[in-house]
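Reading the structure
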Amino acid sequence: MRTVMQTHILCLAGDAAVRAALPRLPRPPQSRTHVYRVLRHIPTDSVSADQARRSIAPGAERLHTIVEFAFADEAARVEARQSATCREFDAAVQASGERLFAFDTAPNVPIEPARGAAQGGFRRWMLLQRAAPSPAAFREGWFGRHADLVKRLPQVDGYVQHLVVARFGPDGRAVDEDTLAVDGIAELCFADEAAMTASYASDARLPLRDDGRALLGGIVTLLVHGTPAP
């Protein structure tokens, strides 16, 4: 199991800033950036119908592009954030009006992405609201028993969990959990949508679904395709 120290996940309603400024961002050693294009939103049975309708992330229905910045350590994060090109990118995002929300996360990788998933690829990408009474209890259940159940699914090419440690609104300022009720982000990797459909049709999916209903209070589920940043 591999752990990256910190990831910043930026959720956008378009890709103007990504096209204009992202290619000029520095790439510190042992850090990486991926861009995920939203293919479509999909329904899920991981929570009840009422929970599925709950608005946990205002504006999530407009999600178009997700940029994931992963840093190997704090020094790499500081170096990137202090660069002039990073400030230029932040300014481009702000000027575009495309920022919906963003997160700092502590990632956990129960299944290392392999094959096409190592470069991004097709993913089932989920914003999660906890049902557990505390972040610690959510982390224990999600990183523990739930991750073990995911490992039993067939045709999975990777599984990445992001425990949210900070939340940011459309203006880039920090917001609280009441404003942005997302406690985790899950990325389940497959070769393609057909592989995902076959995996979710397997018997191994049923205990995972039942555990999700106990673990989660709300969910937003997207299908995305990612590539390394240009």
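Above this text is the structure in question.
All figures in this text were calculated on a predicted structure; none of them were measured in a lab. (Residues numbered from 1 in each chain as written. Predicted model: local features only at pLDDT ≥ 70, side-chain atom pairs only at ≥ 80, totals over all residues. Heavy atoms only, no water.)

Here we come to unusual backbone geometry. Of note in the backbone geometry, R115 takes a positive phi value of approximately 55 degrees without being a glycine. Assignment of secondary structure puts R115 in the loop between β4 (99-111) and β5 (121-130). (Helix = DSSP H or I, 4+ residues; strand = E, 2+ residues; numbered from the N terminus.)

Looking now at helix α7 (residues 205-215). Restricting attention to buried positions, one finds in α7 the residues R205, L208, D211, G212 and L215. Angular distribution of buried residues about the axis of α7 spans 130 degrees; they occupy a single face of the element. (Buried < 20%, exposed > 50% of the residue type's maximum accessible area, 1.4 Å probe, protein only. Arc of directions from axis to C-beta.)

Before going further, it helps to spend a moment on the state of the cysteines. Summed over all chains, the structure comprises zero disulfides. Unpaired in terms of disulfides, C86 finds its nearest cysteine sulfur in C11, a separation of 16 Å. (Disulfide = S-S within 2.5 Å.)

In this approach the atoms are scanned with a rolling probe the size of a water molecule, which exposes any empty space left behind. As a volume, the largest pocket reaches approximately 260 Å³. Considering the residues around the largest pocket, the lining is formed by 15 residues, among which H8, R81, D90, R99 and F168 are closest to the centre. Among the elements of the structure, β1 (6-12), β3 (65-71), α3 (74-82), α4 (84-96) and β4 are those that each provide at least two residues to the lining of the largest pocket. (1 Å grid on protein atoms, 1.4 Å probe; cavity = no way out; pocket = protein on both sides within 12 Å on 5 of 7 lines; lining within 4 Å. Points joined across faces, edges and corners; volume = space filled by probe spheres on them.)

Moving on, we get to the packing of helix α5 (residues 135-150) against α7. At a closest axis distance of 10 Å, the pairing of α5 and α7 adopts a crossing angle of 170 degrees. Relative to α7, the element α5 is oriented roughly antiparallel. Facing α5, whose interface residues are F138, G141, W142, R145, H146, L149 and V150, α7 presents P207, L208, D211, G212 and L215. Tallied by class, residues from the contact of α5 with α7 come to seven nonpolar, three polar and two charged. (Axes fitted to C-alpha atoms, helices over the stretch in contact; angles between N-to-C directions. Parallel < 35°, antiparallel > 145°, perpendicular 65-115°, else oblique. Contact = heavy atoms within 4.5 Å. Nonpolar A, V, L, I, M, F, W, Y, C, P; charged D, E, K, R; others polar.)

Below, the discussion takes up the nonpolar core. Core analysis: the biggest nonpolar cluster contains 28 residues, and L128, F138, W142, Y159, L188, F190 and L216 have the highest contact counts within it. For this core, the leading source of residues is α5, giving six residues. Apart from the residues within four sequence positions on either side, F138 is in contact with R130, A132, L163, D183, G184, L215 and L216. Formed by 22 residues, the second largest nonpolar core is a distinct cluster that contains V38, A57, I66 and L100. (Core = buried A, V, L, I, M, F, W, Y, C linked by side-chain atoms within 4.5 Å.)

The next subject is the pattern of salt bridges. Across all of its chains, the model carries 13 salt bridges by this definition. For the salt bridge of E193 with R40, the shortest nitrogen-to-oxygen distance reads 2.4 Å. Separated by 153 residues along the polypeptide, E193 in helix α6 (residues 193-200) and R40 in strand β2 (residues 32-41) bring together distant segments of the chain. (Salt bridge = Lys/Arg side-chain N within 4 Å of Asp/Glu carboxyl O.)

Our focus in this paragraph is α5. At W142, α5 shows its largest bend, some 30 degrees. Buried within α5 are the following residues: F138, G141, W142, F143, H146, A147, L149 and V150. On its buried side, α5 packs onto β4, β5, β6 (158-168), β8 (184-190), α7 and β9 (216-228). (Bend = angle between axes of the 7 residues up to and from the residue.)

Bringing the packing of aromatic side chains into the picture now. All chains considered together, the criterion is met by five aromatic pairs. Here F190 and Y200 contribute two aromatic rings whose centre-to-centre distance is 6.4 Å and whose plane-to-plane angle is 70 degrees, an arrangement assigned as edge-to-face. Of this pair, F190 sits in strand β8 while Y200 sits in helix α6, and the two are 10 residues apart along the sequence. Exposure class is identical for F190 and Y200. Each is buried. By the ring-pair criterion, three or more aromatic residues cluster together here, those being F138, W142 and F143. (Phe/Tyr/Trp six-rings, centres within 6.5 Å; stacked < 30°, edge-to-face > 60°.)

This part is about the packing of α3 against α4. Where α3 contacts α4, the two axes come as close as 5 Å, and the packing angle between them is 65 degrees. The angle between α3 and α4 places the two elements in the roughly perpendicular class. The segment α3 lies against α4, with A80, R81 and Q82 engaging A84, C86, R87 and D90.

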